[in-house]
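Structural overview for review
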Amino acid sequence: MKKYTFTEKQDTRSGFGDGMTELGRTNPKVVTLCADLVGSLKTATFIKENPERFFQTGIAEANMMGISAGLTIGGFIPYPTTFANFGSGRVYDQIRQSIAYSDKNVKIAVSHAGLTLGEDGATHQILEDIAMMRAMPNMTVINPCDYNQTKAATIALASHVGPAYLRFGRPKVPVFTDPNQKFEIGKAWMVNEGTDVSIFATGHLVWEAIQAGETLAEKGISAEIINIHTIKPLDTEAILKSVRKTKCVVTCEEHQANGGLGDAVAQVLSQNFIAPQEYIAVNDSFGESGKPEQLMAKYGLSAENIIEKALKVIGRKN
Amino acid sequence: MQIKELQDIASQVRRDIVRMVHGCASGHPGGSLGCTDLLVALYFQQMKINNRKGKGGHLSFKMDGIGEDLFFLSNGHISPLFYSVLSRRGYFDAAEMATFRKLNTRLQGHPTTHEGLPGIRVASGSLGQGMSVAIGTALAKKLNGDDRNVFVLMGDGEQQEGQVWEAAQFAPHHKVDNLIAIIDLNGQQIDGSTEEVMANRDLKAKYKAFGWRVMEIADGNDMEQVVKGLRKAKRISGKGEPIMILMKTEMGAGVDFMMGSHKWHGIAPNDEQLAAALAQLPETIGDY
């Protein structure tokens with residue numbers, strides 16, 4: 001039975017903004033900061049309703065991360081916001097020392113991750129942030145798949161203690177998860193059970209994986225689709241259970257192949273259960289300008305590519 | 001507490017610093033000795049800190065520091081000074097200083113919260129980050145209706161980090177007037193004098209231009225001047241502007257052969273040098 005229903009297209013960052021609005025009304029400890037991108041991060045309602053709980057830092061991301069760390073010392077739960085590129089690579093050391101190593105309860109919330117930022121091109125896209133944040137001790141890494149899940153993750157993070165990196169995108173993508181879902185950090189979400197191939201997807205690619213699964217079903221192939229919204233801590237139990245059954249896996253992410261979800265899964269499999277794996281990811285390349293769907297096609301991140309890799313990996317089974 | 005008492009504590013703290021650095025044959029004695037008077041004045045007289053005792057008779061430490069004045073050390077390499085002052089003030093046993101920079105210690109080379117050492121609120125070592133953290137904590141105090149101040153110490157070489165100027169811009173813009181920042185002007189950094197390596201030029205004019213209330217302590221190794229300066233800073237805080245104290249110190253202050261050169265920024269004394277240093281620093285509270 002289907003566990004998803006397509007309703008409309010909406011951007012994940014609006015899910016973040018609406019999650020913040022709700023937190024503003026329900027959790028007096030939640031504060032947000034922004035480095036001159038309020039419109040992009042969709043926090044206008046939170047700011048309007050809680051002006052004293054918002055800090056504009058100007059275009060100064062390093063300072064924003066440090067101020068966030070300081071705010072936690074007084075008991076607040078800061079959500080510093082910017083584009084993913086400027087909220088990870090640009091301030092890696094600030095996050096490392098002042099937030100992660102210092103174990104500060106900061107929720108770094110970043111939009112415009114991945115390729116599908118589109119026309120702005122490679123300087124504003126980032127395909128390495130999951131790798132960086134996964135490598136950092138203490139850091140929780142979350143990459144939700146649609147509007148509803150991003151909203152739920154935003155809200156759930158306020159009750160989670162410790163540093164976290166919440167990553168979402170810019171384009172409008174199908175909304176298909178439950179609007180009233182409970183977001184469980186570190187618990188993979190089984191979208192569709194299957195027996196022939198495991199497809200583990202994260203972020204915007206979960207919908208592509210679902211589309212691929214439907215086409216594969218028409219071909220008589222039973223794909224198990226799992227949404228890995230939390231990349232760290234990784235739900236190794238769900239991963240192993242699935243691959244032990246299907247004996248092969250395709251991982252799907254809008255990120256570099258190096259160091260992302262695929263590598264995280266490979267690390268688990270190599271130590272527990274060897275199985276053939278194929279990657280849907282960007283292969284050691286920067287992005288470029290273009291429309292999101294054009295970029296998805298050019299860099300091999302679409303449902304068609306997932307089908308192709310699924311058939312290939314099934315063929316590699318012993 | 002009288003000036004003389006503070007000076008006596010400072011002498012003991014200086015002994016701790018040279019002994020700690022000697023004990024592990026690494027660390028940063030120069031800047032630590034230079035800032036000793038400031039930290040002693042802050043922790044033993046000028047800052048309001050919670051005096052309640054907890055486990056083992058040590059001062060009870062609360063991370064949120066509500067109702068307390070808080071201090072952040074941005075130039076984390078002068079950790080031996082920070083550890084000595086925290087310990088002598090009562091946060092942990094003085095004996096623990098013997099573990100400085102050794103395996104399994106809570107007294108890491110640079111301060112961290114990671115090992116759970118009471119008194120430390122954020123890790124520092126990678127330079128330029130402390131003032132941002134102090135600003136965040138000062139903002140939290142305002143949100144909490146807590147009228148105490150937040151102090152942060154930076155080095156003069158550290159002013160070369162870009163993040164310092166992001167923070168310098170933010171604090172006056174947002175009227176963070178419960179922030180008292182101090183720059184240790186000892187004029188030295190690892191590769192030489194700051195004048196040679198990357199001159200600060202007129203820090204007073206720079207911070208003024210950014211919107212800070214700037215004041216000076218001409219001799220940061222004169223306890224009387226330090227105390228007077230901190231009193232003034234507290235008096236003028238809370239009036240819409242962040243406070244910047246430019247404090248001249250001598251690297252290595254208290255140990256004649258460590259003074260006046262960048263050489264003692266990051267090296268440890270040998271046995272002979274340690275003896276020579278200790279001979280100049282009277283034991284007052286008792287060595288660990």
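On a predicted model such as this, the values are computed, not experimentally measured, just so you know. In this convention, every chain numbers its residues from 1, walking through the sequence in written order. Whichever chain is written first is A, and whichever ligand is written first is 1; the rest continue in order. Only residues with pLDDT of at least 70 get local features here, since the model is predicted, and only at 80 or more are side-chain atom pairs given and counted; chain-wide, interface and lining totals rely on the full set of residues. Note that the side-chain values use all heavy atoms of the structure and ignore hydrogens as well as water.

Residue and element names in this part refer to chain A. Of all six residues in strand E14 (residues 277-282), five are buried; the element is thus mostly enclosed. Pairing between strands requires that DSSP locate at least two bridges from one strand to the other. Per the convention used, a helix needs a DSSP run of H or I reaching at least four residues, while a strand needs a run of E reaching at least two, with both numbered from the N terminus. Pairing of strand E13 (residues 249-256) with E14 involves five bridges; the strand directions are parallel. Bridge pairing in E14 places Gln 256 opposite Val 282. Traced from E13 through helix H10 (residues 261-272) to E14, the parallel crossover comes out right-handed. Classification of residues uses two cut-offs on accessible area relative to the type maximum, computed with a 1.4 Å probe and protein chains only: under 20% is buried, over 50% is exposed, and between them is partly exposed. Whether a crossover is right-handed depends on one test, that the path from the first strand over the helix to the second runs clockwise when the strands point away from the viewer.

Moving on, we get to the pattern of salt bridges. Residue and element names in this part refer to chain A. By definition here, a salt bridge exists when the distance from a side-chain nitrogen of Lys or Arg to a carboxyl oxygen of Asp or Glu is within 4 Å. The final tally for this structure, using the stated rule, is 22 salt bridges over all chains. For Arg 316, the salt bridge is made with Glu 278, and the minimal N-O distance between the two is 2.7 Å. With Arg 316 in the segment after helix H12 (303-315) and Glu 278 in strand E14, this pair connects stretches of sequence that are 38 residues apart. Residue classification places Arg 316 among the partly exposed positions, given a relative accessible area of 42%.

The next point concerns helix H8 (residues 205-218) of chain A. Residues and elements named next belong to chain A. In this scheme, a helix's expected span is set at 1.5 Å multiplied by one less than its residue total. Under the 1.5 Å per step criterion, the end-to-end length of H8 is 20 Å for 14 residues, consistent within 8% with the ideal 20 Å. Restricting attention to buried positions, one finds in H8 the residues Leu 205, Val 206, Trp 207, Glu 208, Ala 209, Ile 210, Ala 212, Gly 213 and Leu 216. Phi turns positive one or two residues past the end of H8, at Gly 220, with a value near 85°.

Next up on the list: the sheet that holds E14 of chain A. All names here are of chain A. Spatially, the five strands line up as an open sheet ordered E9-E11-E10-E13-E14, and their pairing is mixed. The open sheet terminates on both sides in strands that have one partner only, identified here as strand E9 (189-192) and E14. Adjacent strand axes in the sheet meet at a mean angle of 25°, parallel and antiparallel pairs treated alike. The pairing of E9 with strand E11 (residues 223-227) spans three bridges and is classified as antiparallel. Bridge pairing in E11 places Asn 192 opposite Ile 225. In this analysis, two residues are considered to be in contact whenever any of their non-hydrogen atoms come within 4.5 Å of each other. Here an angle of 0 to 180 degrees is reported between the N-to-C directions of two axes, which are lines fitted to C-alpha atoms, with helices fitted over the stretch in contact. Sheet strands touched by H8: E9, strand E10 (197-201), E11, E13 and E14. Its angle to E11, the strand with the most contacts, is close to 170°. Across the sheet, H10 touches E10, E13 and E14, and the angle it forms with E14 is around 160°.

Let us look at the side chain of Glu 254 of chain A. All names here are of chain A. Tracing the backbone through its elements, the reader meets Glu 254 in strand E13. Two residue types count as positive, namely Lys and Arg, and two as negative, namely Asp and Glu; His and chain ends fall outside the count. One buried charge, Glu 254, has no salt-bridge partner; the nearest side chain with opposite charge is Arg 167, at 5.6 Å. Reaching out from Glu 254, the side chain makes a polar contact with the side chain of Thr 116 at a distance of 2.7 Å. Those residues in contact with Glu 254 that sit more than four places away from it in its chain are Ala 113, Gly 114, Leu 115, Thr 116, Leu 127, Arg 167, His 204, Leu 205 and Leu 301. Contacts described as polar in this section are N or O atom pairs within 3.5 Å, which, within protein, must combine one atom able to donate a hydrogen with one able to accept it, while residues neighboring in sequence count only if both atoms come from side chains.

In the numbering used here, UniProt assigns the feature "domain: Transketolase-like pyrimidine-binding" (unreviewed entry) to residues 10-175 of chain A. Taken as a whole, residues 10-175 of chain A contains 41% helix and 20% strand, while its terminal C-alpha atoms sit 6 Å from one another. UniProt positions are given in the numbering used here, feature names are shortened, and annotations may be inferred rather than shown by experiment.

What follows is about the environment of Ile 231 of chain A. Residues and elements named next belong to chain A. Along the chain, Ile 231 falls in strand E12 (residues 230-232). The exposure class of Ile 231 is buried, given its relative accessible area of 2%. It is 22 Å that separates the C-alpha atoms of Ile 231 and Gln 97, two residues lying 134 residues apart in sequence. Those residues in contact with Ile 231 that lie beyond four places of it in its chain are Ile 130, Arg 134, Val 141, Asn 143, Thr 202 and Leu 261.

Owing to its 3.6 residues per turn, the α-helix brings residues three or four apart onto one side. Residues and elements named next belong to chain A. With 13 residues, H12 extends 18 Å between its outermost C-alpha atoms, agreeing within 8% with the 18 Å of an ideal straight helix rising 1.5 Å per residue. Within the sequence span of H12, burial applies to Ala 303, Asn 305, Ile 306, Ile 307, Ala 310 and Val 313. Tucked inside the fold, the buried residues of H12 contact E10, H8, E13, E14 and helix H11 (292-298).

Attention now goes to the packing of helix H3 (residues 36-46) of chain B against helix H9 (residues 223-236) of chain B. Residue and element names in this part refer to chain B. Close contact between H3 and H9 brings their axes to 10 Å; oriented N to C, the two are set at 55°. Regarding the angle of H3 to H9, the classification is oblique. As H3 packs across H9, the resulting crossing turns out to be right-handed. Taken together, the residues of H9 that come into contact with H3 (itself represented by Asp 37, Leu 38, Val 40, Ala 41, Leu 42, Gln 45 and Gln 46) are Met 223, Val 226, Val 227, Leu 230, Arg 231 and Lys 234. Each angle is binned into one of four classes, with values under 35 degrees roughly parallel, values over 145 roughly antiparallel, values of 65 to 115 roughly perpendicular, and all other values oblique. By definition, any crossing whose near helix is turned counterclockwise from its far helix by less than a right angle is left-handed, and any crossing with a clockwise turn is right-handed.

This next bit is on the interface of chain B and chain A. Chain B puts 29 residues into the contact, and the matching count from chain A is 26 residues. Here the quantity called buried area is the accessible surface, traced with a 1.4 Å probe, that two parts lose on coming together, added over both. Of the roughly 2,200 Å² buried between chain B and chain A on both sides combined, carbon and sulfur atoms contribute 57%. The largest contributions to the chain B side of the interface with chain A come from Gln 129, Leu 143 and Glu 166 of chain B, which together make up 24% of the buried area. Here chain B and chain A share zero salt bridges between them. The interface formed by chain B and chain A contains 18 residue pairs in polar contact (both at pLDDT 80 or more). Of all the secondary-structure elements, those providing two or more residues to the side of chain B that touches chain A are strand E1 (70-73), helix H5 (130-143) and helix H6 (162-173) of chain B. Here the element with the most residues in the side of chain B that touches chain A is H5 of chain B; it accounts for eight residues. For the side of chain B that touches chain A, the class distribution of residues is twelve nonpolar, 14 polar and three charged. Ten residues, namely Ala, Val, Leu, Ile, Met, Phe, Trp, Tyr, Cys and Pro, are considered nonpolar, four, namely Asp, Glu, Lys and Arg, are considered charged, and the remaining ones, Gly among them, are considered polar.

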